[in-house]
Amino acid sequence: KQLQGKVRAELAAMEPSTGLQAIIEGASSFRTLQSMGDFSGLFRQNVSTLAWHPIKSARAFGKAMRATFDPGAAAKWDEALRTLDTDAQMLRDRGKLHLPEIGSTGIRAEEQFMDRWVRKVPWLGKAISASERNMTTLLNEVRASVYDDWVAAARAGGSDLSTEELKRLGSGVNALTGRGAIPGGGNWILSSVFFAPRFSWSRFQTIYNATGVGTGGSAAAKIVTKETRKALIALTLATIGLLETAE
């Protein structure tokens with residue numbers, strides 16, 4: 001698995017850049033350096049689930065920290081996530097839950113930063129890869145765990161777990177953990193202008209999901225609405241608590 005990820009990354013790096021891509025890559029390189037080592041996976045994408053699922057988040061963070069410095073451990077956990085429970089993984093795939101493989105690039109990365117130039121600097125390339133392993137391991141572990149819980153709740157609520165129901169659950173978890181679904185697939189263009197368009201879009205999606213508007217009353221939709229509301233309430237209370245402590 002680790003070798004496959006390295007091969008994909010090397011092949012992507014060998015692809016020639018167009019003039020527009022070269023300009024975008026130059027801008028994206030600065031954003032890559034800015035996000036490197038800032039634990040944005042924990043405190044930005046995962047902030048809502050951190051408040052509502054602190055134990056899940058803590059366990060995932062422990063693995064993520066080791067993955068930062070141990071590529072072998074990252075690859076091992078990545079493979080285990082997909083193979084230990086094949087039935088669960090099948091439902092995740094059907095629901096389009098975003099679980100990028102370690103070392104993945106391009107459209108399957110968290111944010112599509114086109115930054116091959118900066119990755120060619122030896123020590124910077126290694127540091128960026130370590131930061132990516134941290135984020136990917138953390139978010140994959142949290143997303144899979146939360147999604148599995150939502151699937152179980154939907155099944156208990158009478159859902160037939162159709163593909164559409166599973167996609168609704170997957171979209172809800174993706175949005176809650178910072179992976180917004182940008183209409184039209186124009187993320188690579190937006191990434192050249194904005195820092196993290198998928199994350200920004202996910203915040204609007206999460207708020208919309210919490211309203212329960214347009215859900216159609218399905219079991220999966222009710223789970224998404226209820227759990228998203230709980231996460232936002234937990235985040236609000238945690239923020240108030242931190243502010244009061246700081247005073």
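That block above? That's the structure.
Now for a quick tour of the structure. Since this is a predicted model, take the numbers as computed values, not measurements.

1. Considering the side chain of Glu165
Step number 1: One can find Glu165 in helix 10 (residues 163-176).
Step number 2: Here Ser218 takes part through its side chain, which lies 2.9 Å from a polar atom of the side chain of Glu165.
Step number 3: Dropping the residues within four chain positions of it, Glu165 is found in contact with Ser159, Asp160, Ser218, Ala219 and Ala220.

2. Let's talk about the layout of surface pockets
Step number 1: Volume-wise, the second largest pocket comes out at about 380 Å³.
Step number 2: Lining the second largest pocket are 21 residues; nearest its centre among them are Gly95, Lys96, Leu97, His98 and Asn174.
Step number 3: Of all the secondary-structure elements, those providing two or more residues to the lining of the second largest pocket are helix 7 (86-94), helix 10 and helix 12 (197-211).
Step number 4: No other element matches helix 10, which puts five residues into the lining of the second largest pocket.
Step number 5: Of the residues assigned to the lining of the second largest pocket, the class counts are five nonpolar, eight polar and eight charged.

3. Here we look at the packing of helix 12 against helix 13 (residues 219-246)
Step number 1: Contact geometry for helix 12 and helix 13: axes closest at 7 Å, N-to-C directions at 120 degrees. Here helix 12 runs over helix 13; the crossing is left-handed. Residue-level contacts link Thr206, Asn209, Ala210 and Thr211 of helix 12 to Val224, Thr225, Thr228, Arg229 and Leu232 of helix 13.
Step number 2: Residues belonging to the contact of helix 12 with helix 13 are distributed by class as follows: three nonpolar, five polar and one charged.

4. Notes on empty space enclosed by the protein
Step number 1: Going through the model one piece at a time under the given rule, you end up with one cavity of 30 Å³ or more.
Step number 2: A volume near 50 Å³ is recorded for the largest cavity.
Step number 3: For the largest cavity, the full set of lining residues is Ala74, Trp77, Asp78, Leu81, Ile102, Thr136, Thr137, Asn140 and Glu141.
Step number 4: Among the secondary structure elements, those contributing two or more residues to the lining of the largest cavity are helix 6 (71-83) and helix 9 (122-156).

5. Some thoughts on the environment of Ala73
Step number 1: Within the fold, Ala73 resides in helix 6.
Step number 2: Through-space distance from the C-alpha of Ala73 to that of Lys63 is 8.4 Å; in sequence the pair is ten residues apart.

6. Things to note about the packing of helix 5 (residues 54-69) against helix 6
Step number 1: Following both chains from N to C, one finds helix 5 and helix 6 inclined at 130 degrees, their axes separated by 5 Å at the closest point. Put simply, helix 5 runs oblique to helix 6. Counting all contacts with helix 5, which are made through Lys63, Arg66, Ala67 and Phe69, the residues of helix 6 involved are Pro71, Ala73, Ala74 and Trp77.
Step number 2: A per-class count over the contact of helix 5 with helix 6 returns six nonpolar, no polar and two charged.

7. Details of unusual backbone geometry
Excluding glycine, most residues fall at negative phi; most peptide bonds, likewise, are trans.
Step number 1: Non-glycine residue Lys96 carries a positive phi angle of around 60 degrees.
Step number 2: Among the secondary structure elements, Lys96 is positioned in the loop between helix 7 and helix 8 (116-119).
Step number 3: Owing to a relative accessible area of 57%, Lys96 belongs among the exposed residues under this scheme.
Step number 4: The backbone phi angle of Leu161 is positive, close to 55 degrees, even though this residue is not glycine.

8. A few points about the environment of Ala127
Step number 1: On the secondary structure map, Ala127 appears in helix 9.
Step number 2: The exposure class assigned to Ala127 is partly exposed, which follows from its relative accessible area of 29%.
Step number 3: With 59 residues separating them in the primary sequence, Ala127 and Thr68 have C-alpha atoms 9.0 Å apart.

Calculation rules
Residues numbered from 1 in each chain as written. Predicted model: local features only at pLDDT ≥ 70, side-chain atom pairs only at ≥ 80, totals over all residues. Heavy atoms only, no water. Helix = DSSP H or I, 4+ residues; strand = E, 2+ residues; numbered from the N terminus. Polar contact = N/O pair within 3.5 Å; in protein donor to acceptor, adjacent residues only side chain to side chain. Contact = heavy atoms within 4.5 Å. 1 Å grid on protein atoms, 1.4 Å probe; cavity = no way out; pocket = protein on both sides within 12 Å on 5 of 7 lines; lining within 4 Å. Points joined across faces, edges and corners; volume = space filled by probe spheres on them. Nonpolar A, V, L, I, M, F, W, Y, C, P; charged D, E, K, R; others polar. Axes fitted to C-alpha atoms, helices over the stretch in contact; angles between N-to-C directions. Left-handed = near helix turned anticlockwise from the far one by under 90°. Parallel < 35°, antiparallel > 145°, perpendicular 65-115°, else oblique. Buried < 20%, exposed > 50% of the residue type's maximum accessible area, 1.4 Å probe, protein only.

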